[in-house]
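Chain and residue survey
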Amino acid sequence: MWIDPSRPAERALVTHGHADHARSGHGAVWATPETLAIMALRYGTEMGTPMPYGDGFEANGVKISFHPAGHVLGSAQILLEHAGERVVVTGDYKRRFDPTCAPFEPVDCDVLITEATFGLPVFTHPPIEDEIAKLLAARAAQKEGCILIGAYALGKAQRVIAELRRAGYDAPIYIHGAMQKMCDLYAAHDVPLGELIVATGLAKAEMKGAIVIAPPSALNDRWAQRLPDPITAMASGWMRVRQRARQRNVELPLVISDHADWTELTETLLELRPSETWITHGRTDALGRWCELHQLKARALDLVGREEEDEG
Amino acid sequence: MQAFSALIDGLIYTRSRDHKVRLIADYLRSTPDPDRGWALAALAGTLSIATVKAAAIRAMAEERFDPMLFRMSRDYVGDTAETVALMWPEVSADAVAPTVSEVIDLLNSTSRARAPNVLAELMDRLDANGRYALLKLATGGMRVGISARLAKTAFGQAFGVSVDDVEEVWHALSPPYAALFAWGEGKSERPDPADSAFFRPFMLAHPLEDGIVDLDAYAAEWKWDGIRIQIASTGGETRLFSRGGDEVTGAFPEIAAAFNGIGVVDGELLVRGDVQGGEAASFNALQQRLGRKNVTAAMQAEYPVFVRLYDILFDGAEDLRSQPWNARRERLERFAAQLDTVRFDLSAIIEARDFDHLAEIRAAAREAAIEGVMLKRRDAPYLAGRKVGLWYKWKREPLVADCVMMYAQRGSGKRSSYYSDYTFGCWTPDGALLPVGKAYSGFSDAELKWLDRFVRDNTVARFGPVREVEKSLVLEVAFDAVHESKRHKSGIAMRFPRISRLRRDKPADEADTIANLRAMIG
C-alpha cells in the first residue's frame, strides 16, 4: 500500500487532488470524497473508497484514517496507527484560513512526515487580505485594461476567487476555459464563487477593468493576447522573492500560497513535538537544520517524481 | 518610506521604460520635499551614505540568524540585502515607519561603528518591502534598471520641463535638490547652471542593412570598438558622459585632466596598446572602469586610455550642431590640434574610390579595434537620437567557427526556466576541449527548446546552476573578432559570440581546433 505513489500502484492512499500527488491508473484508491471527485474529473472514471475526514479503515493491522490538511478542497493528512505508534503524513498543508476547504487539524503523533515546500526562513506569507487589497487597488488603477492572474487551476484559483468575494468584489470574474469544470466542482461542494464567465471568445472591450484568472502556463501564451492591455499577476508563495517574480515576467506579484510558510512549518513542529520528523519535498536541508537547532530529531526523506515549483 | 518602497518595487516589476518613467514622475509629483529629492538622488546614483557599507548588512545578519540557515537562504534568494529583509522578524502593528529623510538624517549623523544598530532599529519599523528599500537606499545600488538620464527624464515629465534643461542645471545642484523641485513647480526661477558642463544627447546610427550609399554624399570612417564618450568642458570644469548620459568623469580622470579645450566633443574611448585600439581584455577593462566612481593610479597605468574624436558639438560657447558634418569636421580638426596627443587623436576618414572599394577595404580590416565602418551624411546636422538616412553603421561580416558545447546555464528573465547560456570549446592538439567563449543568443525559440532538452538529457555533472554536458553537440558560432586573452585557459577570447547554427549533423571531433581560431586573430 502506497501514499501518493508517483507510478500506478495496486493500492494507493491519496492525500489530495494535485497531479503530483494524485496520479491516474492505480488499482484501489482511498481518498476523501472531494479528492475522489477531483480525480474523477481529471482522469475520467477513477473509482475509489471515499474516506470522509475522521473516517478510517484497517489494513494488515494498521489503522488508517484521513484528517483535514487545509491545503485545497478535500486535502487530507493520513494517520497510520499500529501497536500504539502513530505516524502522520501531512501531505501538503497550511494553517491559514481558507474559505474553500476545511481547516488543518493538528493530529498527535510519534512520527511526523512533513512537507517543506517553503522551508526557508525567507518565506513568510503575508496576510491574504493584504494581497487581495493590493490586487483590488491595481484593478482600480487599471480602468482601460485588465488584471490577468496566474493561479493553479485546482485550489489557488478558487481560493483567490473566494477571497475576492469575501472582500466584497461582486463583479463577474473571468476565467480560462480550462478552469471551468474545477470551479463548477467547487461550487457543487458548497464553495460559492459568484458569477464566473469563461473569457474565451469574448470581445476585448467586454473585459476592460476585469479580473481574469488563468493557469500560470497561459500567462505568456497566445491566449493572453486577446485580453485588453493586461497587467500580469501571479498568485504564488514564490512571489515573495523578487527575482522569482521577475523571471516569470510578473508585474503584480501576489504572495498567496496553499502551503505552510516557514513560521507555520516550524510552529506546527513545536506544537506537535513528534519524537521524530521526516521531511519530504522542498527545503529538507533548511528545515532539518532548524530541527537540529531546536533539538528535534529529524531526517530528510527524498521522494522521486516531485518537480520543484510547479505549484505553490 | 512606504511610498518609496512601493516605487522601488514598481520599478523592479515594470518592464516598459515609459511606464517606469511614469511611476517615477508620479512619485516625484506626489511626495513632499525633501523625501522626493533624496529618492531622486538615489535613482540617479548621486546619493552616498558614507556610514553604511555592504559589510554592515552582513554583520547585522550574522548577529541575528543561524549562519547555515542564512547561507541557504542567501543562496536561494541571490541577494544579501533582500535575504536579510525577508528573514527579518515581522514588523509589529504599532510600529511607525520612518520617512526617507528621517532614514537619511539618522544614517548620516551616526558613525560607521554605530550604523548597523541604527539600521537594525529602522528595520524593526518597516515591513518586508520597506526593509528591502531601506537596505538598498543605505548601500547605494538600487538595481532597478534606471539610469541617471532616465531619472532626469522622469523629473522633466513630472513637471513639464525639458530633460535638456534639467541636464543643464543638474550638476550645479546637489541632493535633495530643493531648488530643482522649486523650479519644476514654478515657484522659483530656473537655477543658475553656474558655468557647468553638461550632457547633450548623442547622435546615433542605423545599421546599413543591404543598400549601398553614394560616397559623394556620405563620408566613411572606421567604427571603433571602444566606449562612446562625450567630453564637455567650460574651461572651469570638464565632465565625461557615457552613451546613456551618465557621468563617468570619475572613471577616467586622466582624460578629464588632459582636456584643455573649451566645448563639447564626441568620440570613442580606447586603450592604447600593442594593437592600436587595444585587445579584447582591454575592452573588458574599460567596461569595468566605466562602472566605477573612482579608479586607482595602478588601473590608470595598466591600460592607458585615449579618446579618438569624431565630432564636435560646441566650439567654446558656439553651438555647431546645426551645421553640416563637413563644416563640423573642419572645426573638429582645428579644435583637436590644440589637444594633448597622448590622450586625444582624430578618427581618420577612409578614402575610397567608390562603394565597392570601400567594401574591399572593410573586408580587409581585421584590426582588433575596428568593428566596421561608419557612414555619415556630409550635409547632415548633429541631431539627437537615431535619424533615418543620416548615419549608418556597417559592421564587418562575422567570423565563424564550429565549437563543441561544454557547459550550460539557465538564462534570466523570460528564459529562466531554460538552459540558454552555453559555454563552448575547441580542441587542443592533444585532443582536449578548452572553453573559447560563451553565447546566449542567435537561436530561435524552437531551437532553444531543443537545446534545453539536449542539456537536460545529456548532463554529466552539475556545479550549482551550471550543468556540464556530454561533449557531443557542435555549435556553429559567429563572432566579430578573436583576440589573445590571458584570462582564458585557451589563451583566446571571442568578441560578441552568438550561435549561428546547430550542427547536429557534425561529429564533435570534427569541430575546429584552438589553432584554427588563433589563425583568425586580426
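What counts and what doesn't
- Residues numbered from 1 in each chain as written.
- Chains lettered and ligands numbered in written order.
- Predicted model: local features only at pLDDT ≥ 70, side-chain atom pairs only at ≥ 80, totals over all residues.
- Heavy atoms only, no water.
- Helix = DSSP H or I, 4+ residues; strand = E, 2+ residues; numbered from the N terminus.
- Rg over C-alpha atoms; globule rule 2.2 N^0.38 Å.
- Buried < 20%, exposed > 50% of the residue type's maximum accessible area, 1.4 Å probe, protein only.
- Areas by Shrake-Rupley, 256 points an atom, 1.4 Å probe, with all protein chains shown as cover.
- Contact = heavy atoms within 4.5 Å.
- Lys, Arg positive; Asp, Glu negative; His and termini not counted.
- Charge placed at Lys NZ, Arg CZ, Asp CG, Glu CD.
- Axes fitted to C-alpha atoms, helices over the stretch in contact; angles between N-to-C directions.
- Parallel < 35°, antiparallel > 145°, perpendicular 65-115°, else oblique.
- Left-handed = near helix turned anticlockwise from the far one by under 90°.
- Nonpolar A, V, L, I, M, F, W, Y, C, P; charged D, E, K, R; others polar.
- Core = buried A, V, L, I, M, F, W, Y, C linked by side-chain atoms within 4.5 Å.
- Domains from an automatic or database assignment.
- Buried area = accessible area lost by both parts, 1.4 Å probe.
- Salt bridge = Lys/Arg side-chain N within 4 Å of Asp/Glu carboxyl O.
- pLDDT = per-residue confidence, 0-100.
- Disulfide = S-S within 2.5 Å.
- Polar contact = N/O pair within 3.5 Å; in protein donor to acceptor, adjacent residues only side chain to side chain.
- Pairing = 2+ DSSP bridges.

1. Let's talk about the overall build of chain A
Scanning chain A from terminus to terminus reveals seven helices and 17 strands. In summary, chain A has a C-alpha radius of gyration of 20 Å against a globular reference of 20 Å for 312 residues, a match within 12%. Projected onto its principal axes, the C-alpha coordinates of chain A cover approximately 65 × 45 × 30 Å. Split into buried and exposed, the 312 residues of chain A put 55% on the buried side. Carbon and sulfur atoms provide 50% of the accessible area of chain A, an area that totals close to 12,700 Å².

2. Notes on the overall build of chain B
A count of helical and extended segments in chain B gives 19 helices and 21 strands. Rg of the C-alpha trace for chain B: 26 Å, near the compact-globule value of 24 Å for 522 residues, within the 12% margin. Projected onto the principal axes, the alpha-carbon positions of chain B cover approximately 75 × 65 × 40 Å. The buried share among the 522 residues of chain B stands at 53%. Relative to all contacts within chain B whose residues are 6 or more apart in sequence, the contacts with residues 24 or more apart total 69%. Summing over all exposed atoms, chain B offers an accessible surface of approximately 22,900 Å²; the carbon and sulfur share of this is 49%. Of the side chains in chain B, 68 bear a positive and 73 a negative charge, and the two mean positions are spaced by 3 Å.

3. A short note on the packing of helix α5 (residues 67–77) of chain B against helix α6 (residues 80–87) of chain B
Residue and element names in this part refer to chain B. It is the contact of α5 with α6, at a shortest axis distance of 9 Å, that shows an interaxial angle of 120°. In terms of axis orientation, α5 runs oblique to α6. Relative to α6, α5 is oriented so that their crossing is right-handed. Residues Leu69, Phe70, Ser73, Arg74 and Val77 of α5 lie in contact with α6, whose contacting residues are Thr80, Glu82, Thr83, Val84, Leu86 and Met87. Taken together, the residues of the contact of α5 with α6 sort by class into six nonpolar, three polar and two charged.

4. Let's talk about unusual backbone geometry
Geometrically, the link from Asp33 of chain B to Pro34 of chain B is a cis peptide bond, its omega value of -5° lying close to zero. Within the secondary structure, Pro34 of chain B sits in the loop between α2 (17–30) and α3 (35–44). Across the junction of Pro175 of chain B and Pro176 of chain B, the peptide omega takes the value 5°, indicating a cis bond. Mapped onto the elements of the fold, Pro176 of chain B is located in the loop between α11 (163–170) and α12 (178–184). The backbone phi angle of Asp190 of chain A is positive, close to 60°, even though this residue is not glycine. Residue position: Asp190 of chain A is located in the loop between α4 (180–188) and β12 (196–198). Positive phi, normally seen in glycine, also occurs at Tyr177 of chain B, with a value near 55°. Looking at the secondary structure, you find Tyr177 of chain B in the loop between α11 and α12.

5. Describing the nonpolar core
Membership of the largest hydrophobic core comes to 119 residues, with the highest contact counts inside it found for Phe4, Val84, Phe155 and Leu180 of chain B. Not counting the four nearest positions on each side in its chain, Leu180 of chain B is found in contact with Leu40, Phe155, Val166, Val169, Trp170 and Leu173 of chain B. Counting residues in each nonpolar core, the second largest holds 35 residues, with Ala151, Ile173, Met182 and Ile211 of chain A among its members.

6. Section: the domain arrangement of chain A
Residue and element names in this part refer to chain A. When cut into domains, chain A gives domain 1 (2–122 + 259–300) and domain 2 (128–254). Measuring from the centre of the C-alpha atoms in domain 1 to the corresponding centre in domain 2 gives 28 Å. Counting residues at the interface gives 19 residues for domain 1 and 17 residues for domain 2. Carbon and sulfur atoms make up 73% of the surface buried where domain 1 meets domain 2, a total of about 1,600 Å² over both sides. Sorting the residues of domain 1 by area buried against domain 2 places Leu41, Leu73 and Thr100 first, and these three jointly supply 30% of that buried surface. As a salt-bridge pair, Asp98 and Arg159 come within 3.8 Å of each other at their nearest N and O atoms. Here the side of domain 1 that touches domain 2 is built from residues that sort into 10 nonpolar, four polar and five charged.

7. Thoughts on the domain arrangement of chain B
Domain boundaries in chain B define domain 1 (2–139), domain 2 (203–391) and domain 3 (399–518). Between domain 2 of chain B and domain 3 of chain B, the C-alpha centre-to-centre distance is 33 Å.

8. Things to note about the pattern of salt bridges
Applying the stated criterion across every chain, the model contains 57 salt bridges over all chains. Notably, a salt bridge pairs Arg518 of chain B with Glu484 of chain B, separated by 3.3 Å at the nearest N-O pair. Taken together, the positions of Arg518 of chain B in helix α19 (residues 514–518) and Glu484 of chain B in strand β19 (residues 481–484) put the pair 34 residues apart, joining distant regions of the chain. Residues joined in a network through salt bridges with shared partners are Lys94, Asp98, Arg159 and Asp258 of chain A.

9. Description of the confidence of the model for chain B
Residue and element names in this part refer to chain B. For chain B, per-residue confidence averages 89 on the pLDDT scale, and residues scoring 70 or more make up 96% of the total. Taken element by element, chain B is modelled with least confidence in helix α14 (residues 280–290), mean pLDDT 65, and with most confidence in helix α16 (residues 325–336), mean pLDDT 97. Ignoring residues within four places in sequence, the model shows residues 275–281, a span with pLDDT below 50, making 16 contacts including any to other chains.

10. Quick look at the state of the cysteines
Residue and element names in this part refer to chain A. Under the criterion given, the structure shown has zero disulfides over all chains. Cys109 supplies the cysteine sulfur nearest to Cys291, a cysteine that is in no disulfide, at a spacing of 12 Å. Note on Cys291: relative accessible area 0%, which makes it buried.

11. Topic: the environment of Ser24 of chain A
Residue and element names in this part refer to chain A. Within the secondary structure layout, Ser24 lies in the loop between β2 (11–13) and β3 (28–31). Exposure remark for Ser24: the relative accessible area of 36% places this residue in the partly exposed category. Along the primary structure Ser24 and Arg7 are separated by 17 residues, whereas in three dimensions their C-alpha atoms are 8.4 Å apart.

12. Observations regarding the side chain of Lys506 of chain B
Residue and element names in this part refer to chain B. On the secondary structure map, Lys506 appears in the loop between β21 (498–503) and α19. Polar contacts involving the side chain of Lys506 include one to the side chain of Asp402, which spans 2.7 Å. Apart from the residues lying within four places of it in its own chain, the contact partners of Lys506 are Asp402 and Val474.

13. Some words on the interface of chain B and chain A
Buried accessible area, meaning the area lost when the parts come together, often serves as the stated size of an interface. If you look at the interface, chain B gives 22 residues, while chain A gives 27 residues. With both chains or domains summed, chain B and chain A bury close to 2,400 Å², and 56% of this area falls on carbon and sulfur atoms. Considering only the surface of chain B that becomes buried against chain A, Tyr13, Arg15 and Tyr76 of chain B emerge as the three largest contributors, covering 34% of it. Where chain B meets chain A, there are nine residue pairs in polar contact (both at pLDDT 80 or more). Elements that contribute at least two residues to the side of chain B that touches chain A include exactly α1 (2–13), α5, α6 and α9 (128–139) of chain B. No other element matches the six residues that α5 of chain B contributes to the side of chain B that touches chain A. Partitioned by chemical class, the residues of the side of chain B that touches chain A number 11 nonpolar, five polar and six charged.

14. So, the sheet that holds β2 of chain A
Residue and element names in this part refer to chain A. Across the sheet, which stays open at both edges, the four strands sit in the order β1-β2-β3-β4 with parallel pairing between neighbours. Here the strands that pair on one side only, and so sit at the sheet edges, are β1 (2–3) and β4 (49–50). Note: β2 against β3, three bridges, orientation parallel. Within the sheet, the bridge partner assigned to Ala12 lies in β3 and is Val29. Where helix α1 (residues 33–43) meets the sheet, it contacts β3 and β4, and its direction lies at approximately 130° from that of β3.

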